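Chain and residue survey
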Amino acid sequence: MSAQLRQDDQLSQHAKDDDEEEASRLLRPQSSSSDVDDEVAYESREKILIVDPADSAADDDDSTQVPPFSWKKLWLFTGPGFLMSIAFLDPGNLEGDLQAGAIAGYSLLWLLMWATAMGLLVQLLSARLGVATGRHLAELCRDEYPKWAGLVLWFMAELALIGADIQEVIGSAIAIQILSNGFLPLWAGVLITASDCFLLLILENYGVRKLEGVFAVLIATMALSFAWMFVDTKPSGKELLIGILVPRLSSRTIRQAVGVVGCVIMPHNVFLHSALVQSRNIDPHKKGRVQEALNYYSIESSIALFISFVINLFVTTVFAKGFYGTKQADSIGLVNAGQFLQEKYGGGLYPILYVWGVGLLAAGQSSTITGTYAGQFIMGGFLNLRLKKWLRALITRSFAIVPTIIVAIIFNTSEGSLDVLNEWLNVLQSVQIPFALIPLLTLVSKEQIMGVFKIGPLLEKVAWTVAVLVMVINGYLLLDFFIAEVNGLLFGVVVCSGTAAYVAFIIYLVLRSGALPSTYFNSVYKRFADTDT
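Worth saying up front: this structure is predicted, and the values here are computed from it rather than measured.

**Focus: the layout of surface pockets**
Approximately 880 Å³ is the volume found for the largest pocket. V431, L478, T499, Y502 and V503 are, among the 33 residues lining the largest pocket, the residues nearest its centre. Within the residue set of the lining of the largest pocket, elements represented by two or more residues are helix 8 (147-179), helix 19 (415-430), helix 20 (434-444), helix 22 (457-485), helix 23 (489-513) and helix 24 (515-532). Looking at the lining of the largest pocket, the element that brings in the most residues is helix 23, giving 11 residues. Of the residues contributing to the lining of the largest pocket, the split by class is 27 nonpolar, six polar and no charged.

Structure, rendered in structure tokens:
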């Protein structure tokens, strides 16, 4: 009898060991044999150590146990989400805000809120990928796809980054022109803004927390500047609440609505967030620590994007109050917005023109620095380049600054030409969105990549629904733009050929993912089949 009991205990122990081995396997992210030589987002010495003696004993007893909530730890994890949120506040977004307010009034505030929520979902998935695997999206794409597809994805990510960077640098240059009272031309502002590359290098030498502190100051500057404008212009509180709570959409405002949704997901920002979360020292083999990090990152990212929503709300309502229903509404843009504000609201102790200029400068400078940061991760991840940071930052910045200087010289002739440029840049970024979203959703749905942290079927369906919605909306924007702009047989043939190759590559990525057809299209197909029968 005792021998039988011992045998049962041994079998039970073997089963327990097998379960622990299986759990360990699922927690262990897949890596290539060359991981030792791979480029990494942060060196070990650069990462912030998350230490709390209160839960060390519990961690030793059970690595799957999530430590209790701690305000101190939330503070230590705070940072990456705020850097990520800057892409929601760049000059391109601010221009979309002011045009939505001027043309649509308060009616699209509800859409701004839900678009921000969709952006939050995508960014949380990006953070989940980075924390659970210990690698960022560009690195994982390099291993997931064939070399040719990886190079195409890298090229598309670089194009999106260049498009965003041109808008951000020109936004900063416009702010410098405003604050210098027109003394400095646009190209001079571009050169001044280019120096942020060296500022980034200096800040990186002082550690991640110092860099995050500088961005906190820039976000606070934006918040104070646009809040001052909000209070100064006294928008209607009743109209503001109705705009947030009551969905309204008309044929006249459909273009602005598409712009509001289309600009919340920036392709380079998806890559960036998956790398930023690795600035904290988290052991990906301990389920409890990974889940704890995901919890804290979810809280701080939600707070950061709520603040960005409020700032965008300030800008939209200021221009809704001042210009909705006026003859200037259709002609207002980033270049002339300050002058229109000055004419509408006058000077005062702090002239609104210069308050706008300060906020715009903070938005432009912060977004160009994060753009340089994202460029380093994208280039290093896709190409696995082990370069010194100063050289990699210089190369990344040159990709954007050289075309931006050329653009500033060519398009400095009129406000209308810069508006046309901005439309083309929006198109350039819109076409790149699938090449960040599809790889992200493919990877977070794979158990061999994510282990136990792969997303569940319900969240997978919601994420793909959001992705398809964003891509369809941007497709509408592209179609509308090309119908208006494409003239001539040769240009039409080139656009059609490019569109065919573009759609073919998207189909390749979707089919390779294996996630969308099985969980999304099949369920839709079955639903229609059941209806027919």
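From this point, the narrative continues.
**As for the environment of F215**
Tracing the backbone through its elements, the reader meets F215 in helix 11 (residues 208-233). Setting aside residues up to four positions removed in sequence, F215 forms contacts with L83, I86, S366, I369 and T370.

**Topic: the packing of helix 7 (residues 137-144) against helix 20**
As a packed pair, helix 7 and helix 20 sit with axes 11 Å apart at the nearest point and diverge in direction by 75 degrees. Here helix 7 is positioned roughly perpendicular relative to helix 20, judged by the angle of their axes. When helix 7 is examined against helix 20, the residues L137, L140, C141 and E144 are found in contact with a partner set consisting of A436, P439, L440, T442 and L443. Residues belonging to the contact of helix 7 with helix 20 are distributed by class as follows: seven nonpolar, one polar and one charged.

**Let's talk about the environment of E168**
Positionally, E168 belongs in helix 8. Residue E168 is classed as buried on the basis of its relative accessible area of 2%. Taking the C-alpha atoms as reference points, E168 and L361, 193 residues apart in sequence, are found 9.5 Å from one another. Leave out the neighbours within four places in its chain, and E168 touches D90, P91, H268, G364, S367 and T368.

**Quick notes on the nonpolar core**
Counting residues in each nonpolar core, the largest one holds 140 residues, and the members touching the most others are L129, F226, F319, W356 and F382. The greatest single-element share of this core, amounting to 15 residues, is contributed by helix 15 (residues 287-323). In contact with F226, not counting residues within four places along its chain, are L94, I311, F314, V315, W356, G359 and L360.

**With respect to the packing of aromatic side chains**
Throughout the structure, instances matching the rule amount to 16 aromatic pairs. The interplanar angle of 85 degrees and the centroid separation of 5.0 Å between the aromatic rings of F69 and W71 together place this pair among those described as edge-to-face. Here W71 falls in the exposed class, since its relative accessible area comes to 67%. Ring geometry for W148 against Y508: centres 5.1 Å apart, planes inclined by 45 degrees, an arrangement best described as tilted. With W148 in helix 8 and Y508 in helix 23, this pair connects stretches of sequence that are 360 residues apart. Connected via pairs of aromatic rings, a cluster forms that spans F69, W71, F77, Y296 and Y297. Stacked on the ring of W75, the Lys or Arg R209 has its end atom at 5.2 Å from the ring centre.

**Topic: the packing of helix 8 against helix 23**
One can describe the packing of helix 8 onto helix 23 by two numbers: an axis separation of 12 Å at closest approach and a directional angle of 120 degrees. As far as their axial angle goes, helix 23 and helix 8 are oblique. As for how helix 8 packs across helix 23, the hand of that crossing is left-handed. Here helix 8 contributes W148, A149, V152 and L153 to the contact with helix 23, which in turn contributes F505, Y508 and L509. Its residues assigned to classes, the contact of helix 8 with helix 23 shows seven nonpolar, no polar and no charged.

Calculation criteria
- Residues numbered from 1 in each chain as written.
- Predicted model: local features only at pLDDT ≥ 70, side-chain atom pairs only at ≥ 80, totals over all residues.
- Heavy atoms only, no water.
- 1 Å grid on protein atoms, 1.4 Å probe; cavity = no way out; pocket = protein on both sides within 12 Å on 5 of 7 lines; lining within 4 Å.
- Points joined across faces, edges and corners; volume = space filled by probe spheres on them.
- Helix = DSSP H or I, 4+ residues; strand = E, 2+ residues; numbered from the N terminus.
- Nonpolar A, V, L, I, M, F, W, Y, C, P; charged D, E, K, R; others polar.
- Contact = heavy atoms within 4.5 Å.
- Axes fitted to C-alpha atoms, helices over the stretch in contact; angles between N-to-C directions.
- Parallel < 35°, antiparallel > 145°, perpendicular 65-115°, else oblique.
- Buried < 20%, exposed > 50% of the residue type's maximum accessible area, 1.4 Å probe, protein only.
- Core = buried A, V, L, I, M, F, W, Y, C linked by side-chain atoms within 4.5 Å.
- Phe/Tyr/Trp six-rings, centres within 6.5 Å; stacked < 30°, edge-to-face > 60°.
- Lys NZ or Arg CZ within 6 Å of the ring centre and 35° of its normal.
- Left-handed = near helix turned anticlockwise from the far one by under 90°.

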